[in-house]
Amino acid sequence: MKKILLYVGILTILASCKSGDTGELVGVENKKPYFEPEPYGMVYIKAGSFNMGPSDQDVAWAQNVLSKTVTVEAFWMDDTEITNSEYRQFVYYVRDSIMRRMLAAQIEDFAITEDEYGNAIDPPLLNWEMEIDRQDEEQNNILNELYYSKEERFFNRKQIDTRKLMYEYFWIDYKQAASKNNRYNFETKQYEGFVYNNRGEKVEIANRSSFIFRDVINVYPDTMCWIADFTYSYNEPMATMYFWHAAYNNYPVVGVSWKQATAFCIWRTMRLNTALENRGEPFVHDYRLPSETEWEYAARGGLDLSMYPWGGYYTRNNEGCFLANFKPLRGNYTDDGFATTARVGSFEANEYGLYDMAGNVAEWTASAYDESAYIYTHDLNPDYKYNALPDDPPVLKRKVIRGGSWKDIAYYIQVSTRSYEYQDTAKSYIGFRCVRSYLGNSNE
């Protein structure tokens, strides 16, 4: 018994010595190592280099696509384009948050005014656990102004006024914050530079908040684009049904502008990080639109010098079937199986597991469009961005789109073809997918 007590005492002493500070530099470690989980619906794109640019002859004298060897760091990418169902989740969140703000202003149960310790919360938070009762007369009276007025209703149907679905979002302008002239001066203990806000105004930097930009945008897709994009063409069923009907749940969302797609990425980031924070887990990097370099690298699927995501030089397989949803044979839209858009994933994925990187809908990228961008961008994660201001000329509001669409000929579905659209426009043939930077060294 004495021996057992002696051993226990020795072990206790050793354990106490082991937990003490030895004075050595050991770093600050988390309780457990971090392993980034695979995001739902995304695939891992490993880091690598490739020859960016044409794998075939370009349009004569265009000179806006030059060959260039570049390196891209690892990232995650949605395996399909964002669908109507997924984008509706964003729209419903905006709708519900507006409803709850309206209710919280008059019904205290919809507002959280104190934390768990009894401290006041200012401004109050929305209580998402409180259910909205559409049958409750008081709640209905409060929410009435969110619906179309009686004179605007069709067949007297009570519907949400989509013009009121406004989303407020924020982002940090790291480019301006990184400028040496805009850094914090530790000698004078203040900022001394100027920053251009998103209205184009030059303002003196007051503090870190000067680099945080705010915008408000309507989130509902432009469903009328199905009619506006085509003259002398009957597309009313798509305009009235495509976005919200269950039959189109798994079709790519369209009619979304570049700014709406960017707002979606910010909301998606906020949604995930809020859930991680509630579970006590570390944040992940922001969701965002891919740069055009990342998009082309992912579309190639590791196959160098390939014209299309499947690696071949032809748009048909050995059985004569088309390999993507585009406009073949001078307007025989249905020869590939679909007249307009197709369900996401209707064609085979590329070597990285990405679907519809050619055709279906063209996709927004984060990059601004400049014909000579390949000449001056860096060869490590090359990218060119420009935060277009409201009064800027249209040429500065061009954003790169990639992949081609259901209405485009084969040239536009090549992996190296770059085109553009204006950031404040919405088209029936442009959608998007998100990416997220990989945390850590991809070669570990």
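Since this is a predicted model, take the numbers as computed values, not measurements.

Trainee: Looking at this model, I keep getting lost on the environment of Lys 180. Mind explaining?
Mentor: Here Lys 180 shows up in the loop between α4 (174-178) and β8 (184-185). For the pair Lys 180 and Lys 399, spaced 219 residues apart in sequence, the C-alpha separation works out to 28 Å.

Trainee: Help me out: how do you make sense of the packing of helix α2 (residues 84-104) against helix α7 (residues 258-278) in this one?
Mentor: Running from N to C, α2 and α7 point in directions that differ by 75°, and their axes come no closer than 11 Å. In terms of orientation, α2 lies roughly perpendicular with respect to α7. In contact with Glu 86, Tyr 87, Gln 89, Phe 90 and Tyr 93 of α2, α7 contributes Gln 260, Ala 263, Phe 264, Trp 267, Met 270 and Arg 271. Considering only residue class, the contact of α2 with α7 consists of seven nonpolar, two polar and two charged.

Trainee: Can you help me understand a nonpolar patch on the surface in this one?
Mentor: There is a patch of nonpolar side chains on the surface, built from Phe 170, Ile 172, Tyr 174 and Ile 212 and spanning about 410 Å² of accessible area. You can call Phe 170 partly exposed: its relative accessible area is 44%.

Trainee: I tried to follow the environment of Met 241 on my own but got confused; where do I start?
Mentor: Structurally, the position occupied by Met 241 is in helix α6 (residues 236-241). It is 19 Å that separates the C-alpha atoms of Met 241 and Arg 95, two residues lying 146 residues apart in sequence.

Trainee: Just to check I follow, could you spell out helix α8 (residues 292-300) for this structure?
Mentor: Since one α-helical turn is 3.6 residues long, residues separated by three or four positions face the same way. Of all nine residues in α8, nine are buried; the element is thus mostly enclosed. Those residues of α8 that fall on the buried side of the exposure criterion are Glu 292, Thr 293, Glu 294, Trp 295, Glu 296, Tyr 297, Ala 298, Ala 299 and Arg 300. Once α8 finishes, Gly 301 follows within two positions and takes phi at roughly 65°, a positive value.

Trainee: Can you help me understand the sheet that holds strand β16 (residues 418-422) in this one?
Mentor: Whenever strands of a sheet pair, they do so through backbone hydrogen bonds, lying parallel or antiparallel. Reading across from one edge, β16-β15-β14-β17 is the order of the four strands in this open sheet, with mixed pairing throughout. Looking along the sheet, the strands with just one partner apiece sit at the ends: β16 and β17 (430-431). Two elements, strand β14 (residues 362-368) and strand β15 (residues 398-402), share three bridges in a ladder whose sense is antiparallel. Across the sheet, residue Trp 364 finds its bridge partner in β15, namely Ile 401.

Rules and cut-offs
Residues numbered from 1 in each chain as written. Predicted model: local features only at pLDDT ≥ 70, side-chain atom pairs only at ≥ 80, totals over all residues. Heavy atoms only, no water. Helix = DSSP H or I, 4+ residues; strand = E, 2+ residues; numbered from the N terminus. Axes fitted to C-alpha atoms, helices over the stretch in contact; angles between N-to-C directions. Parallel < 35°, antiparallel > 145°, perpendicular 65-115°, else oblique. Contact = heavy atoms within 4.5 Å. Nonpolar A, V, L, I, M, F, W, Y, C, P; charged D, E, K, R; others polar. Patch = residues over 30% accessible without salt bridge, like charges linked within 9 Å, V, L, I, M, F, W, Y side chains within 5 Å. Areas by Shrake-Rupley, 256 points an atom, 1.4 Å probe, with all protein chains shown as cover. Salt bridge = Lys/Arg side-chain N within 4 Å of Asp/Glu carboxyl O. Buried < 20%, exposed > 50% of the residue type's maximum accessible area, 1.4 Å probe, protein only. Pairing = 2+ DSSP bridges.

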